[in-house]
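Here is what each chain is made of, one letter per residue.
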Amino acid sequence: MPQLDFQHNGLVMNQNLIINNGSLSFFPFLINDSISWVNFNVAMVYGASGSKTQSLSVGLYSISGSSLSLTNSITGSFGITATGQALNRFWFSATATSATQNINPGNWYFGILFSTVGASSNISFGVGASLASAGNAFPGGFIGGAMTNSTNALPSSIATSNLNITGIDAMFIPCIIISA
Amino acid sequence: MKINIFENIPTLNNLANIAWVNNTLSLVGVVLPGTISFNTVAMILNLSSTNSEQTISINFGLYSLNGSTLSLANSASYSTSLSSNQSSVGFYATFATSATQNINPGNWYFGLLPTGTNTGGAARAFNNSRPLTFSGGIYVGVLVRGYLSVSTNALPASIATSDVNKEGSSANGQVYPYILISA
């Protein structure tokens, strides 16, 4: 397979899930072949509840055993005005990785941290399929999870045992596009 | 690695009907994980006709991207007609492929172009899993999904990506259907 220009995780978007300010969630992401990581996009929905600036910090994490390690990151922000922007879907984008990187094929994880300045957040991830979820934890390898406490920075490493891995709030997967 | 089936949307996800816009070419970027023979192209359609007989035609184009130009590599087509007052029926529509091809792994684009008569109030829909409006802002980077900014009645041999409206720019024309290719 040649070098990829883009990779996404299915782009099935028919549900929304509210995001809490300061929440950090980890999502599995399969890379089919090498890709030079420049751009990051995640499907979102906002409501016009007041002017705000929504910031996004995204970490690319690898996993070794039960530990996630930060290998790269990217940041972006989006201004939302109080009027003229009704509930709408959009691509929240970021374009500046902290370092040039060719991501190798395989299983990776994106850690996404949101912070809001301004009116209270009324922003959601655009997620796929239904929001049905299992009531127990997946018994196999790590397939995503969320920090239980809020944070203001991406951790350089985190043990998967410190993440909540049960229920839809921890296990949902947003629609993501990365590209060269 | 040889694969036998590729779906751009897993069928385990919810699929919903979305009416298409005739002569609007939708483009869907995919990542093929392995080599697949371009033998069978199928979609799930849901068609109905309320007043008069209708002709339904859909062209499928397989496009590759080189720089900022999409080039048509292969195609397939489907056509049928509906009698007046035909009720809605969901079914797999199988396309006739124009030439056998081994599609190599990597990034490709599926182009879907519905054409045909549009009189008599026929309701026609692809099966799609994104029924909500998506018009608040486009993604950055290389083209992944979008639709041609001008109407057309035939698959273009090449398309400049600057002529494609990326997903998120407008709710109009955003139909990105379920497509299945099998060897």
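Thresholds applied
- Residues numbered from 1 in each chain as written.
- Chains lettered and ligands numbered in written order.
- Predicted model: local features only at pLDDT ≥ 70, side-chain atom pairs only at ≥ 80, totals over all residues.
- Helix = DSSP H or I, 4+ residues; strand = E, 2+ residues; numbered from the N terminus.
- Buried ≥ 20, exposed ≤ 12 C-beta atoms within 10 Å, placed from the backbone.
- Contact = placed C-beta atoms within 7 Å.
- Core = buried A, V, L, I, M, F, W, Y, C linked by C-beta atoms within 7 Å.
- Pairing = 2+ DSSP bridges.
- pLDDT = per-residue confidence, 0-100.

Below, the discussion takes up the overall build of chain B. A count of helical and extended segments in chain B gives 0 helices and 15 strands. Residue burial in chain B is summarised as follows: out of 183 residues, 39% are buried. Across chain B, every contact between residues at least 6 apart in sequence was considered, and the portion connecting residues at least 24 apart equals 84%.

Bringing the overall build of chain A into the picture now. Along the backbone of chain A there are 1 helix and 16 strands. Taking all 180 residues of chain A together, the buried fraction comes to 38%. For chain A, restricting intrachain contacts to residue pairs at least 6 apart in sequence, the fraction spanning at least 24 positions comes to 86%.

Attention now moves to the nonpolar core. Ranked by size, the top nonpolar core spans 88 residues in total, and within it Val-42, Met-44, Tyr-109 and Phe-110 of chain A together with Tyr-109 and Phe-110 of chain B carry the most contacts. Beyond its immediate sequence surroundings of up to four residues, Val-42 of chain A is in contact with Phe-92, Ile-112, Phe-125, Pro-174, Cys-175 and Ile-176 of chain A.

All names here are of chain B. Sheet analysis places strand S6 (residues 54-66) next to strand S7 (residues 69-82), joined by 13 bridges and oriented antiparallel. Directly across from Gln-54, in S7, lies its bridge partner Leu-82. Once S6 ends, the chain turns through 2 residues before running back antiparallel as S7, passing Gly-67 with a positive phi of about 65 degrees. In this sheet, strand S13 (residues 158-160) lies alongside S7 in antiparallel orientation, the contact comprising 3 bridges. Bridge pairing links Ser-71 to Ser-158 in S13.

Residue and element names in this part refer to chain B. Of note, the phi angle at Asn-23 is positive, near 70 degrees, even though the residue is not glycine. Relative to the assigned elements, Asn-23 resides in the loop between strand S2 (16-19) and strand S3 (26-32). We classify Asn-23 as partly exposed; it has 17 C-beta atoms within 10 Å.

Here we take up the environment of Gly-116 of chain B. Residue and element names in this part refer to chain B. Tracing the backbone through its elements, the reader meets Gly-116 in strand S10 (residues 106-116). Judged by local crowding, Gly-116 falls into the partly exposed class, with 18 C-beta atoms found within 10 Å. The spacing of Gly-116 and Ser-57 is 59 residues in sequence and 5.3 Å in space, taken between C-alpha atoms. The residues contacting Gly-116, other than those within four sequence positions of it, are Asn-22, Gln-54, Thr-55, Ile-56 and Ser-57.

Put simply, chain B has an average pLDDT of 84, and 85% of its residues get 70 or more. Quick note on the complex model: pTM equals 0.88, ipTM equals 0.83.

Turning our eyes to something else, we now look at the environment of Phe-110 of chain B. Locating Phe-110 of chain B in the fold gives a position in strand S10. When the C-alpha atoms of Phe-110 of chain B and Ser-64 of chain B are compared, they prove to be 9.0 Å apart, with 46 residues separating the residues in sequence.

To continue, consider the environment of Thr-69 of chain B. All names here are of chain B. Position of Thr-69 among the secondary structure elements: in strand S7. A residue is classified by how many C-beta atoms lie within 10 Å of it, and Thr-69, with 13 of them, is partly exposed. Residues Thr-69 and Ile-159, spaced 90 residues apart in sequence, show a C-alpha to C-alpha distance of 5.6 Å. Those residues in contact with Thr-69 that lie beyond four places of it in its chain are Ser-158 and Ala-160.

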